[in-house]
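So you can see what is in the structure, the chains are spelled out below.
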Amino acid sequence: MNRNAAVIIGYDAISPLGIDLDTQWQNALAGKSGIGPLTRIQPGPTFPVKAAGQVEDIDHLGYPFLSAREQARWISPVFKYALLTTERALARSGLVIDAKLAPRTAVTYSSAIGGLDAILSADRKWFSANRLPLPCMNPNGCVNMVAGKVSMLTGATGPITTTITACATGLTSIIIGAMLIEQGRADAAICGAVDFPLVEPILAGFASMNGSYSPKENTPPEAPETLSRPFSLHRRGFVASEGAGCVILASRAFARANGLVPVAEIAGWSMTSDAHHFVAPHYPTVRRCITEALADAGITPADVQAVNAHATSTRVGDQVEADALRDIFGDPMPPVTANKSLMGHVMGASSAIEAVYALLGLRDGILPPTLNYRPDPALSVNCTASPVTVDQTHVLKNAFGFGGCNACILFRRI
């Protein structure tokens with residue numbers, strides 16, 4: 001076993017299911033949807049997107065890491081939600097980043113979209129009122145600034161990078177953090193992702209490319225909580241959402257030497273590139289990503305007890321993932337859960353939040369349901385339509401992003 005193998009010592013998430021992690025997990029197990037009417041923006045009755053997964057405001061909690069003056073500067077919500085999940089994950093881990101540890105602590109906390117909302121607001125003010133942007137606008141729009149603010153919050157001065165791989169961003173953040181630890185370049189890593197994509201151009205763009213949910217013509221409106229339908233016969237695209245997730249890694253040796261208690265380890269991982277299409281996933285490289293992660297973990301498909309799927313509810317994406325899982329695992333396939341049915345698609349942050357949920361399932365031996373599931377005869381996938389008790393040693397987490405960016409991790413219970 002690699003003496004520098006990365007273990008998970010802490011985690012936290014904020015999602016449409018709640019701002020407290022225990023509340024989110026209980027809501028997930030109860031099959032409670034976090035998707036509702038879109039209220040974050042009000043673009044008018046002809047706007048094509050009507051539903052979204054929205055998070056609660058956290059201003060009432062108070063956060064010493066953002067003073068009133070700082071809040072006025074960092075106006076995009078990506079910063080305060082990223083910093084809160086980081087603070088809580090560190091507290092849960094017991095890790096103290098002192099002067100000695102700071103140079104050995106990496107930051108890979110990322111975002112697929114960053115503070116685009118701040119740039120959009122400045123653009124509108126420029127054209128409507130000829131007002132120059134505030135000095136904070138460009139820093140808000142720098143995608144790597146999320147990692148920068150996490151570094152400033154924690155004092156971590158080790159390697160820092162922003163892993164932008166579209167919808168796989170959160171998982172690649174964890175993989176790069178693990179890689180830095182495995183190579184001996186860091187003893188600990190602050191990983192994760194945050195995204196707040198509920199702005200008009202992004203939502204309208206997803207609608208125009210038929211990626212987000214679109215109703216059938218001449219059909220009555222459907223309840224928002226029924227629209228996210230991974231692996232289902234009646235799936236019609238994803239529901240965009242917002243949120244953040246943080247995972248704290250450490251080397252096994254460092255955790256042991258400092259009395260930190262790992263909750264799981266990263267048994268194996270892989271990343272592949274489709275080199276095929278800008279949005280449509282490619283079966284051969286998706287399949288290879290999963291098989292390489294299994295090989296890296298030194299296990300066979302029979303050793304995997306559960307799968308936390310990418311499963312966005314798109315026709316092609318769900319088909320490719322289901323085909324790859326069927327080809328690799330055969331029958332019986334381990335139970336598969338699709339968290340986006342509960343919270344929608346949080347873009348780059350989805351796989352970070354879902355990784356946290358996968359770790360909670362590994363801990364508790366249970367998988368949350370996949371809501372709105374109606375079996376599709378074309379998809380031979382063992383989907384959990386209700387909570388399933390599963391004694392898990394290994395859980396596979398998949399994430400596949402625009403541009404053909406694939407990432408898979410095997411989490412192993414310790």
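Above this text sits the structure in question.
The notes below deal with the structure included here. (Residues numbered from 1 in each chain as written. Predicted model: local features only at pLDDT ≥ 70, side-chain atom pairs only at ≥ 80, totals over all residues. Heavy atoms only, no water.)

The number of helices and strands found in the protein chain is 13 helices and 13 strands. For the protein chain, whose C-alpha radius of gyration is 20 Å, the value lies close to the compact-globule estimate of 22 Å for 414 residues. With the C-alpha coordinates aligned to their principal axes, the bounding extent of the protein chain is approximately 60 × 60 × 40 Å. Taking all 414 residues of the protein chain together, 60% fall into the buried category. (Helix = DSSP H or I, 4+ residues; strand = E, 2+ residues; numbered from the N terminus. Rg over C-alpha atoms; globule rule 2.2 N^0.38 Å. Buried < 20%, exposed > 50% of the residue type's maximum accessible area, 1.4 Å probe, protein only.)

For the rest of this paragraph, the subject is unusual backbone geometry. A cis geometry characterises the amide bond from D331 onward to P332, with omega recorded as 10°. Inspection of the secondary structure assignment puts P332 in the loop between α11 (315-329) and β9 (336-337). Despite not being glycine, N210 has its phi angle at roughly 60°, a positive value. Taking the relative accessible area as the measure of exposure, N210 reaches 62% and is therefore exposed.

A few words on the packing of helix α10 (residues 283-297) against α11. Packed helices, taken two at a time, are described by the angle their axes make and the gap between the axes. Two elements in contact, α10 and α11, have axes separated by 9 Å at closest approach and are oriented at 45°. The angle between α10 and α11 places the two elements in the oblique class. As for how α10 packs across α11, the hand of that crossing is right-handed. Taken together, the residues of α11 that come into contact with α10 (itself represented by Y283, V286, R287, I290, T291 and L294) are V320, D323, A324, L325, D327 and I328. Each residue belonging to the contact of α10 with α11 can be placed in one class, and the counts come to 8 nonpolar, 1 polar and 3 charged. (Axes fitted to C-alpha atoms, helices over the stretch in contact; angles between N-to-C directions. Parallel < 35°, antiparallel > 145°, perpendicular 65-115°, else oblique. Left-handed = near helix turned anticlockwise from the far one by under 90°. Contact = heavy atoms within 4.5 Å. Nonpolar A, V, L, I, M, F, W, Y, C, P; charged D, E, K, R; others polar.)

What follows is about the pairing of strand β1 (residues 6-14). Extensive coverage of β1 is indicated by the burial of 9 of its 9 residues. Here 8 bridges tie β1 to strand β6 (residues 243-251), and the two strands are oriented antiparallel to one another. Within β6, the residue paired with A13 across the bridge is G245. As defined by bridge partners, β1 adjoins strand β7 (residues 264-273) across 2 bridges and the pair is classed as antiparallel. (Pairing = 2+ DSSP bridges.)

This next bit is on the sheet that holds strand β12 (residues 394-401). Here 9 strands make up an open sheet; going across it, the order is β4-β5-β6-β1-β7-β13-β12-β8-β9 and the pairing mixed. At either end of the open sheet lies a strand with only one pairing partner, and these are β4 (105-107) and β9. Packing against the sheet, α10 makes contact with β7, β12 and β13 (405-413), and its axis sits at approximately 150° to β7.

A few words on a nonpolar patch on the surface. Taken together, the side chains of W126, F127 and L132 define a hydrophobic patch exposed on the protein surface, amounting to about 400 Å² of accessible area. Among the secondary structure elements, F127 is positioned in helix α4 (residues 116-129). (Patch = residues over 30% accessible without salt bridge, like charges linked within 9 Å, V, L, I, M, F, W, Y side chains within 5 Å. Areas by Shrake-Rupley, 256 points an atom, 1.4 Å probe, with all protein chains shown as cover. Salt bridge = Lys/Arg side-chain N within 4 Å of Asp/Glu carboxyl O.)

Relative to the helices and strands, D117 resides in helix α4. D117 sits 124 residues away from S241 along the chain, and the two C-alpha atoms are 14 Å apart. Of note is the side chain of D117, whose polar atom sits 2.8 Å from the side chain of S76. (Polar contact = N/O pair within 3.5 Å; in protein donor to acceptor, adjacent residues only side chain to side chain.)

Under the 1.5 Å per step criterion, the end-to-end length of α4 is 20 Å for 14 residues, consistent within 8% with the ideal 20 Å. Within α4, burial applies to D117, A118, L120 and A122. Positive backbone phi, approximately 55°, marks N130, located one or two places after α4. (Expected span 1.5 Å × (residues − 1).)

For the rest of this paragraph, the subject is the packing of aromatic side chains. Across all of its chains, the model carries 5 aromatic pairs by this definition. With centroids separated by 6.3 Å and ring planes inclined at 45°, the aromatic side chains of W25 and Y357 adopt a geometry described as tilted. Separated by 332 residues along the polypeptide, W25 in helix α1 (residues 21-29) and Y357 in helix α13 (residues 350-364) bring together distant segments of the chain. In this pair, the class of W25 matches that of Y357, namely buried. (Phe/Tyr/Trp six-rings, centres within 6.5 Å; stacked < 30°, edge-to-face > 60°.)

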